[in-house]
Amino acid sequence: TAEQFDTGALAGKTVYITAGPTREPIDPVRYISNHSSGKMGYALAEAAVDAGARVRLISGPVNLPAPARMERVMVQTAEEMLAASLDGIEGCDIFIASAAVADYRPTSVAEHKIKKGAEEIMELHLVKNPDIVATVAARADKPFTVGFAAETQDLIDYARSKLKRKHLDLIVANDVSQPGIGFNSNENAVTLVGRDATLTLPQTSKRQLASQLIRHIAEQYTKTR
Ligand code: CTP
Ligand code: CA
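Quick summary incoming for the structure in this document. As the structure is a prediction and not an experimental result, all values here were calculated from the model.

So, unusual backbone geometry
A negative phi angle is the norm for most residues apart from glycine, just as the trans form is the norm for most peptide bonds. Unlike most non-glycine residues, Arg-69 shows phi in positive territory, near 70 degrees. Here Arg-69 shows up in the loop between β4 (54-59) and β5 (71-74). The residue Asp-154 is not glycine, and still its phi comes out positive at about 45 degrees. Relative to the elements of secondary structure, Asp-154 occurs in the loop between β9 (144-151) and α5 (155-165). Residue Asp-154 is classed as partly exposed on the basis of its relative accessible area of 47%.

Here we look at the coordination of the calcium ion (ligand 2)
The calcium ion (ligand 2) binds to the protein through Asp-103 (OD) and Asp-103 (OD), with metal-donor distances spanning 2.4 to 2.5 Å. One can find Asp-103 in the loop between β6 (94-97) and β7 (104-106).

Quick look at the site of ligand 1
Taken together, 15 residues lie near ligand 1, and Ala-97, Ala-99, Phe-148, Lys-162 and Lys-166 sit nearest. One nitrogen or oxygen atom from the main chain of Ala-99 is found 2.7 Å from an oxygen atom belonging to ligand 1. Contact between ligand 1 and Val-133: an oxygen atom at 2.8 Å from a main-chain N or O atom of the residue. Looking at the shell around ligand 1, the elements with two or more residues in it are α4 (132-137), β9 and α5. The element best represented in the shell around ligand 1 is β9, accounting for four residues. Residue composition of the shell around ligand 1, grouped by class: nine nonpolar, one polar and five charged.

Quick notes on the pattern of salt bridges
In total, this model carries eleven salt bridges according to the counting rule given. Between Arg-56 and Asp-87 there is a salt bridge, with the nearest N and O atoms lying 3.5 Å from each other. Note that Arg-56 is positioned in strand β4 and Asp-87 in the loop between α3 (78-86) and β6, a separation of 31 residues in sequence. Measuring nitrogen to oxygen at the nearest pair gives 2.7 Å for the salt bridge that ties Lys-166 to Asp-131. In this pair, Lys-166 sits in the loop between α5 and β10 (170-175) while Asp-131 sits in the loop between β8 (126-128) and α4, placing the two residues 35 residues apart along the sequence. Given a relative accessible area of 16%, Lys-166 falls into the buried group. We classify Asp-131 as partly exposed; its relative accessible area is 30%. One network of salt bridges, with partners in common, ties together Glu-46, Asp-50 and Arg-69.

Describing the packing of helix α2 (residues 39-50) against helix α6 (residues 206-224)
To characterise two packed helices, one gives the angle between the axes of the helices and the distance between these axes. Close contact between α2 and α6 brings their axes to 8 Å; oriented N to C, the two are set at 55 degrees. Relative to α6, the element α2 lies oblique. As for how α2 packs across α6, the hand of that crossing is right-handed. For the pair α2 and α6, the contacting residues are Lys-39, Met-40, Ala-43, Leu-44, Ala-47 and Ala-48 in the first and Lys-206, Arg-207, Leu-209, Ala-210, Ser-211, Leu-213 and Ile-214 in the second. Looking at side-chain class alone, the contact of α2 with α6 contains nine nonpolar, one polar and three charged residues.

Notes on the side chain of Ser-37
In this fold, Ser-37 is placed in the loop between β3 (30-32) and α2. With residues up to four places along the chain from it excluded, the contact list for Ser-37 reads Val-62, Leu-64, Asn-184 and Lys-206.

Things to note about the nonpolar core
The biggest cluster of nonpolar side chains holds 34 residues, and the ones touching the most others in it are Leu-10, Ile-17, Val-55, Ile-96 and Leu-213. Taken together, the elements giving at least two residues each to this core come down to β1 (14-19), α2, β4, β6, β9, β10, β11 (187-194) and α6. Looking at this core, the element that brings in the most residues is α2, giving eight residues. Ignoring sequence-local partners within four residues, the contact set of Ile-96 consists of Val-15, Tyr-16, Ile-17, Thr-18, Leu-44, Val-146, Phe-148, Ile-214 and Ile-217.

Cut-offs applied
Each chain carries its own residue numbering, running from 1 in the direction its sequence is written. To read the labels, note that chains go from A and ligands from 1, taken in the order they are written. Residues qualify for local features only when their pLDDT is at least 70, as the model is predicted, and side-chain atom pairs are given and counted only at 80 or more; totals for whole chains, interfaces and linings, by contrast, use all residues. By convention in this description, side-chain values take in all heavy atoms of the structure and omit both hydrogens and water. Only DSSP runs of H or I reaching four residues or more are called helices, and only runs of E reaching two or more are called strands; each is numbered from the N terminus. Only protein chains enter the accessibility calculation, which uses a 1.4 Å probe; a residue is then buried when its area is under 20% of its type maximum, exposed when over 50%, and partly exposed in between. Note: metal donors comprise N, O and S atoms at 2.8 Å or less from the metal (3.2 Å for Na, K and Ca); water molecules are not included, so apparent gaps in a site are possible. One heavy atom within 4 Å of a molecule or strand is enough for the residue carrying it to be called near that molecule or strand. Each polar contact in these results corresponds to two N or O atoms within 3.5 Å; when the atoms are within protein, one needs to be able to donate a hydrogen and the other to accept it, and residues that are neighboring in sequence are counted only if both atoms are side-chain atoms. When residues are grouped by polarity, Ala, Val, Leu, Ile, Met, Phe, Trp, Tyr, Cys and Pro land in nonpolar, Asp, Glu, Lys and Arg in charged, and all others, Gly among them, in polar. Criterion for a salt bridge: a side-chain nitrogen of Lys or Arg within 4 Å of a carboxyl oxygen of Asp or Glu. Where helices are involved, their axes are fitted lines through C-alpha atoms of the stretch in contact, as for all axes, and angles between N-to-C directions lie from 0 to 180°. When describing relative orientation, an angle under 35 degrees is termed roughly parallel and one over 145 degrees roughly antiparallel, while 65 to 115 degrees is termed roughly perpendicular and anything else oblique. By convention the crossing between two helices is left-handed if the near helix lies anticlockwise of the far one by an angle smaller than a right angle, and right-handed if it lies clockwise. Throughout, a residue-residue contact means that at least one pair of heavy atoms, one from each residue, lies within 4.5 Å. Joining through side-chain atoms within 4.5 Å is the link that ties buried Ala, Val, Leu, Ile, Met, Phe, Trp, Tyr and Cys residues into a set, and such a set is a nonpolar core.

This is the structure:
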């Protein structure tokens, strides 16, 4: 509502959120992707709007309806997600990278459907995709930048090294080895890792968690500006 826009923790702020998987084509009928549902990113986008922000949701292919009250840009590949992320970035105050971006894409996309050969082994050559959140955080006019780290081991150590390597302001660490949370689930539990403090948010619905995360992100953002 207009009242929330005037008084929310993110009133007047522009927030970009990447969400869902990317899809990297191999040929006209095949691709490489992952099981990201996009639910966490979409929940964050809703929570950011509730907090008064103007939101651009940059989404890979997901089975979720277009949310109201925000701009949604649908993309397929990591390169398209990067382009949509850099579009208007100079006006972005907070960038939240919840997307599960494919780390690699096929070096080339076959023009026609690849036929099964006689060989038992077939090799696919892959090239590294651009790192979207690191590209955003490397800018001189960088927004307050939040990443996610989905790990199956050494959660906090890996999260902390990603925070530093990608020059993030905050990272949301997610233990995806635990059943019932994270990828494709409706619930999640995370640890927020900042430059000098960590905070654990216990398991709850992605919707609940999203509003807690947005509250902490808004708080940290306000402190650093
Ligand atoms: N990310 C991104 N662009 C990429 C890869 C990752 O923006 N090409 C972002 C994700 O959205 C997430 C953060 O970087 O916010 C960490 O992603 P993750 O896959 O955990 O890290 P990687 O650096 O790809 O390392 P690895 O997969 O080897 O753990
Ligand atoms: Ca990765």
